[in-house]
Number of protein chains: 2
Amino acid sequence: MSENLSTQIQLAARPSGWPTHEDFHTATVALGELGPGQVRVRNEFVSVDPYMRGRMSDARSYVAPYELGQQITGGAIGRVVASAEASLQVGTVVLHQHGWSDLVQDAADTFRAVPETPGVPLSLRLHILGMTGLTAYTGLTAIAGMQPGDTVFVSGAAGAVGTAVGQIARQLGAGRVIGSAGSAEKVGLLTSKYGFDAAFDYKEGDPRTQLAEAAPEGIDVFFDNVGGDHLEAALDAFNDGGRAALCGAISTYNTAKPAPGPNNLSNIITRGLTVQGFTLGHYLHLSPEFNEKMSGWFAEGRIVYDETIVDGIEHTVDAFLDMMRGANTGKMLVRIAPVRAS
Amino acid sequence: MSENLSTQIQLAARPSGWPTHEDFHTATVALGELGPGQVRVRNEFVSVDPYMRGRMSDARSYVAPYELGQQITGGAIGRVVASAEASLQVGTVVLHQHGWSDLVQDAADTFRAVPETPGVPLSLRLHILGMTGLTAYTGLTAIAGMQPGDTVFVSGAAGAVGTAVGQIARQLGAGRVIGSAGSAEKVGLLTSKYGFDAAFDYKEGDPRTQLAEAAPEGIDVFFDNVGGDHLEAALDAFNDGGRAALCGAISTYNTAKPAPGPNNLSNIITRGLTVQGFTLGHYLHLSPEFNEKMSGWFAEGRIVYDETIVDGIEHTVDAFLDMMRGANTGKMLVRIAPVRAS
């Protein structure tokens with residue numbers, strides 16, 4: 001018979017500045033009998049993502065804030081371990097948004113079955129082959145209107161989204177791809193593994209100066225994961241008609257007091273720039289187009305990735321905080337150990 | 001016979017901060033004989049516009065900087081007083097970009113003949129029926145994608161572009177039009193004469209607070225002539241999917257040191273906003289569409305305007321500086337007195 005104890009991470013308090021362990025509560029909940037149409041899923045991987053920090057605050061946003069005392073929701077992938085719904089059998093792999101727990105039970109239509117493909121680890125559905133990849137693709141195409149030959153600059157390029165942006169830009173015909181990252185090791189990976197033409201360590205000097213050196217002929221597209229001085233650097237480096245897709249601003253998420261913006265916004269006028277923000281919820285219709293292209297690139301061996309894995313649902317908050325500090329390369333994931341046979 | 005002495009205002013030095021009279025030089029030049037294909041034009045009105053401040057600096061921009069020792073170019077309207085080109089007869093009214101002088105002589109194809117229409121003062125071709133109106137129309141339509149029902153906020157709304165934006169937004173079906181201006185008198189004009197639903201004096205309090213009061217249900221479109229704290233106010237007031245057309249930033253043109261930007265740029269991401277700058281040069285193809293619509297609205301008596309007139313080419317710099325200080329309501333123009341019969 002199936003286990004029924006679920007370990008869940010809940011939001012205990014709204015963080016001010018950097019979150020701490022005190023802002024979270026780990027609850028063990030005994031799941032009840034399956035209701036009609038419900039399934040029970042044991043997660044294999046749980047995602048921790050920068051956007052979650054925003055939902056921990058109650059500031060107005062496209063996405064509703066997490067409720068205090070409730071589980072943190074977000075992407076996860078697991079396997080059905082009990083089912084009261086004929087269309088979703090035990091053993092099926094499912095993606096869902098139930099988030100930070102090891103065992104979850106809900107209506108079958110809140111889970112989406114995904115095929116198990118030889119050579120495609122399940123975890124990839126949570127990043128390069130999933131929402132992370134779609135985020136990168138959407139920002140480059142629908143938001144920034146990237147064209148073949150464009151010089152593309154990606155901030156926070158060694159993260160999950162950033163590594164996807166760099167590679168997708170290359171597949172779409174970018175002329176030159178430039179990335180920033182927060183350590184020499186990451187900078188090395190960007191050029192040696194991820195195919196970036198140039199990269200710099202933003203902790204080693206002013207991004208404005210370093211970007212100007214890396215892009216002597218200017219940039220056409222900026223994909224921003226970092227905000228702050230990176231946007232300022234991009235505004236200085238933009239060619240006429242340049243386009244910025246603002247996806248994240250991790251440098252600002254944990255500052256209690258908002259920092260002033262770039263001092264060169266007037267370039268937006270004089271160079272005819274477009275700065276557009278987006279959250280993925282409005283662009284899910286691009287999913288089929290993305291899936292078709294990405295699965296092709298992946299099958300041809302053109303896509304690489306890194307994962308930084310933390311084991312155990314009880315370490316989810318550690319994983320989240322480490323990710324916010326930039327301890328990861330590529331995608332930060334929490335792995336849930338399989339249940340030992342009893 | 002035609003006069004041949006031209007008074008021209010030249011750029012003598014690049015201003016740092018606020019321009020002064022020392023940055024300009026008034027030259028009297030004797031024009032030579034007309035060459036083949038040339039015409040001589042006596043101006044009736046000369047335009048002073050905020051964008052000219054940008055061209056006095058040598059910062060990179062879509063538009064080339066003015067050259068030191070050369071005449072300040074820009075919009076003007078006058079009448080042909082001598083012609084060596086059959087297609088442009090003496091007496092024809094012409095628009096041109098030769099700028100700050102009373103008498104100008106050049107190839108006929110650098111002038112554009114405009115019809116004299118009863119009830120349409122010539123000066124209007126330099127603002128509401130000309131580039132100023134086209135700028136307003138372009139920002140609202142091609143840049144901000146204004147839709148009927150939208151709440152539109154215009155900064156610096158009592159200026160030449162601002163009064164055009166408010167009225168065009170109304171004609172295009174805006175639900176609510178809100179403006180800011182720099183005096184109680186201007187604020188009064190916006191609501192009493194120009195049809196704004198609400199207006200506030202940005203010198204009397206924080207634009208952020210005042211805009212929130214004027215737009216309790218948020219704004220959808222922002223047309224910016226001012227920059228600085230107005231952009232910050234708009235970013236706070238935007239509804240999801242809002243669009244900003246950045247046309248000018250007069251608050252920043254005369255600051256020697258660039259000021260920091262808004263502290264709420266993260267709203268661009270969380271609300272899915274688009275912030276786009278533009279200069280008119282790339283949108284001149286909208287001219288026929290604009291002319292057709294605007295001439296219709298004008299003929300129906302739906303368009304009003306103000307002009308602030310300064311007499312005499314020798315007072316052009318005064319007019320320019322007064323305009324930068326906000327002394328004008330509507331369009332600031334320099335009027336050239338007709339030549340007395342000799």
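What you see is a predicted model, and the numbers here were worked out from it, not measured in a lab. (Residues numbered from 1 in each chain as written. Chains lettered and ligands numbered in written order. Predicted model: local features only at pLDDT ≥ 70, side-chain atom pairs only at ≥ 80, totals over all residues. Heavy atoms only, no water.)

Listed per partner, the contact involves 32 residues of chain B and 32 residues of chain A. When chain B packs against chain A, close to 2,600 Å² is buried across both sides, 56% of that on carbon and sulfur atoms. Summed over the shared surface of chain B and chain A, the number is eight residue pairs in polar contact (both at pLDDT 80 or more). Elements with a contribution of two residues or more to the side of chain B that touches chain A: helix 6 (229-237), strand 12 (238-246), helix 7 (266-270) and strand 13 (274-277) of chain B. Broken down by element, the side of chain B that touches chain A gets its largest block of residues, five residues, from strand 12 of chain B. Classifying every residue of the side of chain B that touches chain A gives 16 nonpolar, 12 polar and four charged. Bridging between strand 13 (residues 274-277) of chain A and strand 13 of chain B involves three bridges; their strand directions are antiparallel. Directly across from Val 275 of chain A, in strand 13 of chain B, lies its bridge partner Val 275 of chain B. (Contact = heavy atoms within 4.5 Å. Buried area = accessible area lost by both parts, 1.4 Å probe. Polar contact = N/O pair within 3.5 Å; in protein donor to acceptor, adjacent residues only side chain to side chain. Helix = DSSP H or I, 4+ residues; strand = E, 2+ residues; numbered from the N terminus. Nonpolar A, V, L, I, M, F, W, Y, C, P; charged D, E, K, R; others polar. Pairing = 2+ DSSP bridges.)

Moving on to the packing of helix 5 (residues 207-214) of chain A against helix 6 (residues 229-237) of chain A. Residue and element names in this part refer to chain A. One can describe the packing of helix 5 onto helix 6 by two numbers: an axis separation of 8 Å at closest approach and a directional angle of 40°. Taken together, helix 5 and helix 6 sit at an angle that is classed as oblique. When you trace helix 5 past helix 6, the crossing you get is right-handed. Residues Pro 207, Arg 208 and Leu 211 of helix 5 touch helix 6, and the partners they reach there are Asp 229, His 230, Glu 232, Ala 233, Ala 234, Asp 236 and Ala 237. The class makeup of the residues in the contact of helix 5 with helix 6 is five nonpolar, one polar and four charged. (Axes fitted to C-alpha atoms, helices over the stretch in contact; angles between N-to-C directions. Parallel < 35°, antiparallel > 145°, perpendicular 65-115°, else oblique. Left-handed = near helix turned anticlockwise from the far one by under 90°.)

A few words now on the relation of the copies chain B and chain A. Structural alignment of chain B on chain A gives an RMSD of 0.0 Å, achieved by rotating through 180° and translating 0.0 Å along the axis. Classification of the inter-copy transformation places it as that of a two-fold axis. Proximity to the rotation axis, assessed at the C-alpha, singles out Gly 261 of chain B in chain B; its C-alpha lies 2.0 Å from the axis. Same-surface contact between copies: 100% of interface residues of chain B are shared with the interface of chain A. (Least-squares fit on C-alpha atoms with pLDDT ≥ 70 in both.)

All names here are of chain A. Counting buried positions over the seven residues of strand 1 (residues 5-11) gives six, a clear majority of the element. Relative to strand 2 (residues 24-30), strand 1 runs antiparallel, the two being bridged by seven bridges. Its bridge partner lying in strand 2, Thr 7 is registered against Thr 28. (Buried < 20%, exposed > 50% of the residue type's maximum accessible area, 1.4 Å probe, protein only.)

Bringing the packing of helix 2 (residues 131-143) of chain B against helix 8 (residues 287-299) of chain B into the picture now. All names here are of chain B. Where helix 2 meets helix 8, the axes come as close as 10 Å, and the angle between the chain directions of the two elements is 105°. By the criterion of interaxial angle, the relationship of helix 2 to helix 8 is roughly perpendicular. Contacts between helix 2 and helix 8 involve Gly 133, Leu 134 and Tyr 137 from the first element and Ser 287, Glu 289, Phe 290 and Lys 293 from the second. Within the contact of helix 2 with helix 8, the residues separate by chemical class into three nonpolar, two polar and two charged.

Residues and elements named next belong to chain A. As far as domains go, chain A holds domain 1 (5-127 + 307-335) and domain 2 (131-299). Placing the centre of domain 1 and that of domain 2 at their C-alpha centroids yields a distance of 27 Å. Of the roughly 1,400 Å² buried at the junction of domain 1 and domain 2 (both faces included), carbon and sulfur atoms supply 58%. At the junction of domain 1 and domain 2, the tally comes to zero salt bridges. In this structure, the connection of domain 1 to domain 2 is made through six residue pairs in polar contact (both at pLDDT 80 or more). Residue composition of the side of domain 1 that touches domain 2, by class: nine nonpolar, eight polar and three charged. (Domains from an automatic or database assignment. Salt bridge = Lys/Arg side-chain N within 4 Å of Asp/Glu carboxyl O.)

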